[in-house]
Amino acid sequence: MKGRTNQILTSIMQSQLPIEIDRLCTDYQIGRRMLRMEIGIINDELLLHNLPIITTKRGKGYQLQLSPSESKKVKELILSEESEFDYYTREERILNLILSIAFSNQPIFLTKKEKEFQVSKSTMDEDMRRVRSMLETYNVQLISQAKGGMEILGMEKNIQLMLFQFISRSFHSHKTMINKEIKDRNFSFISQYIPTSLLEKLDQIYNQNISKQDDMYRRNFVIYTSIWLLRFQRGYRVFRKRDSEKYSSIQQYVIELKKEFDLSLEPREEAYLRSILNSLSRRELTTSFEWGQAQILTLRLSEHVQESLHIRFGEKLGDYQSELFIHIAALLKRLNSNLQFNNPLTE
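Observations regarding the overall build of the protein
Link 1 in the chain: Helix and strand content of the protein: 16 helices and four strands.
Link 2 in the chain: Evaluated residue by residue, the protein yields a buried proportion of 38% over its 347 residues.
Link 3 in the chain: Restricting the contact set of the protein to residue pairs at least 6 apart, pairs at least 24 apart contribute 64%.
Link 4 in the chain: For the protein, the accessible surface area stands at approximately 21500 Å², while carbon and sulfur atoms represent 51% of it.

Structure below.
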């Protein structure tokens, strides 16, 4: 019998009163159908050893009535069996899901995860609902494709921040990251996707270049760098290549414009023109009206920031407005689609 099956048997056997079905489903985070299957497996094993089986007391739940000698025999049976599967808690399943989707080189499918965790479809659906709710905090979405499996969508820096916060909870210090003797389940999950050898190498680099002191800064440096590196190696970029290529083409356009009309532009004027042209080439906004709305909001917000905080961006104003426009454009797109996400900065 599996680890969870043994745990269910132990709970029923130790209870002097019948245990309600809903309570068992809640305790082990499984559906009624899965619980019935578990009880069937237990009863088959008990019959095999000539022991009484679990029965249902109408309106009250499951019970197992044993004599002292039979109880001793069941305990010996549980102890003698080697568990083929260790029961996963919901928190462990969620961490496993997020790590596998973010770092695996192979598509991740829910049906395979159900078998791996040995949970029902309803339990898996509830896990996914909670994962999606958690990811919304970071303005990140989890989608499932028929042939491509599950994928995390959103700005790469938000995804990396989300991964950092989930992973860093499992490490109390940098020593726990590189200790191969640790048997913690979460550490086991993480080491499947972030090799201990990588953490050791990053830890050495930190030790040689920043500090030999063991503190949370060391841990945070190593964890975040490992996340960034592994995502980078899988082709994920905070600054995407196609965006820089598009900006380069716009920059070339402005250079040719200056040459053709013999223009002498101040750096701030040129940066402003590039940012405006760059915003016009984006696909988030499909009409000139939407574009105009986004530009007005961007200009007013940047003016407000400069006046209220007494900040002068100078030559960097164009770059600041260009980046701000991207966020405003996405905001308007969500408003038009009646979508709303939590702001992770206000949580």
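Some details on the pattern of salt bridges
Link 1 in the chain: One pass over the structure, following the stated rule, counts nine salt bridges.
Link 2 in the chain: A salt bridge links Asp 127 to Arg 93; the nearest nitrogen and oxygen atoms lie 2.6 Å apart. Of this pair, Asp 127 sits in helix H7 (residues 121–136) while Arg 93 sits in helix H5 (residues 90–103), and the two are 34 residues apart along the sequence. Arg 93 shares its class with Asp 127; the two are buried.
Link 3 in the chain: Each of Glu 126, Arg 129 and Arg 130 takes part in salt bridges that share partners, so that together they form one network.

Structural notes on the environment of Val 254
Link 1 in the chain: Residue placement: Val 254 occurs in helix H13 (residues 241–261).
Link 2 in the chain: Counting along the chain gives 17 residues from Val 254 to Ala 271, while the straight-line C-alpha distance between them is 9.8 Å.
Link 3 in the chain: Beyond its immediate sequence surroundings of up to four residues, Val 254 is in contact with Glu 270, Leu 273, Arg 274 and Leu 277.

Quick look at the nonpolar core
Proteins that are soluble and globular tend to have nonpolar side chains buried together.
Link 1 in the chain: Counting 38 residues, the largest nonpolar core has Phe 103 and Met 162 as the members making the most contacts within it.
Link 2 in the chain: Elements with a minimum of two residues in this core: H5, H7, strand E4 (149–153), helix H8 (156–168), helix H10 (185–193), helix H11 (196–209) and helix H12 (216–233).
Link 3 in the chain: At eight residues, the largest contribution of residues to this core is made by H5.
Link 4 in the chain: Counting 20 residues, the second-largest nonpolar core is a separate cluster that includes Leu 24, Leu 35, Leu 46 and Val 74.

Topic: the packing of aromatic side chains
Link 1 in the chain: Per the stated rule, a full pass over the model turns up three aromatic pairs.
Link 2 in the chain: Consider the rings of Phe 164 and Tyr 224, whose centres lie 5.5 Å apart with planes at 55°: the pair is tilted. A residue pair is termed long-range when its members are at least 10 positions apart, and Phe 164 in helix H8 and Tyr 224 in helix H12 qualify at 60 residues.
Link 3 in the chain: Both rings, one in Tyr 206 and one in Phe 221, keep their centres 5.2 Å apart while their planes meet at 70°; by these two values the pair is edge-to-face. Of the two residues, Tyr 206 is situated in helix H11 and Phe 221 in helix H12; the sequence distance between them amounts to 15 residues.
Link 4 in the chain: Sitting over the face of the ring of Tyr 236, Arg 231 holds its NZ or CZ atom 3.7 Å from the ring centroid.
Link 5 in the chain: Over the ring of Phe 232 we find Arg 237, and its NZ or CZ is 3.6 Å from the ring centre.

What about the packing of H5 against H7?
Link 1 in the chain: Running from N to C, H5 and H7 point in directions that differ by 65°, and their axes come no closer than 10 Å. As summarised for this structure, H5 and H7 are arranged roughly perpendicular, according to the angle between their axes. Along this stretch, H5 crosses H7, giving a crossing that reads as right-handed. Between H5, through Arg 90, Arg 93, Ile 94, Leu 97 and Ile 98, and H7, the contact on the second element is made entirely by Thr 123, Met 124, Glu 126, Asp 127, Met 128, Arg 130, Val 131, Met 134 and Leu 135.
Link 2 in the chain: Here the residues of the contact of H5 with H7 are counted per class, giving eight nonpolar, one polar and five charged.

A few points about the side chain of Asn 158
Link 1 in the chain: Note that Asn 158 resides in helix H8.
Link 2 in the chain: A residue is classified by how much of its surface remains accessible, and Asn 158, at 16% relative accessible area, is buried.
Link 3 in the chain: Those residues in contact with Asn 158 that lie beyond four places of it in its chain are Tyr 138, Asn 139 and Val 140.

Topic: a nonpolar patch on the surface
Link 1 in the chain: A surface patch of nonpolar side chains, amounting to about 330 Å² of accessible area, comprises Ile 210, Tyr 217 and Phe 221.
Link 2 in the chain: Note that Tyr 217 resides in helix H12.

Definitions and limits used
- Residues numbered from 1 in each chain as written.
- Predicted model: local features only at pLDDT ≥ 70, side-chain atom pairs only at ≥ 80, totals over all residues.
- Heavy atoms only, no water.
- Helix = DSSP H or I, 4+ residues; strand = E, 2+ residues; numbered from the N terminus.
- Buried < 20%, exposed > 50% of the residue type's maximum accessible area, 1.4 Å probe, protein only.
- Contact = heavy atoms within 4.5 Å.
- Areas by Shrake-Rupley, 256 points an atom, 1.4 Å probe, with all protein chains shown as cover.
- Salt bridge = Lys/Arg side-chain N within 4 Å of Asp/Glu carboxyl O.
- Core = buried A, V, L, I, M, F, W, Y, C linked by side-chain atoms within 4.5 Å.
- Phe/Tyr/Trp six-rings, centres within 6.5 Å; stacked < 30°, edge-to-face > 60°.
- Lys NZ or Arg CZ within 6 Å of the ring centre and 35° of its normal.
- Axes fitted to C-alpha atoms, helices over the stretch in contact; angles between N-to-C directions.
- Parallel < 35°, antiparallel > 145°, perpendicular 65-115°, else oblique.
- Left-handed = near helix turned anticlockwise from the far one by under 90°.
- Nonpolar A, V, L, I, M, F, W, Y, C, P; charged D, E, K, R; others polar.
- Patch = residues over 30% accessible without salt bridge, like charges linked within 9 Å, V, L, I, M, F, W, Y side chains within 5 Å.

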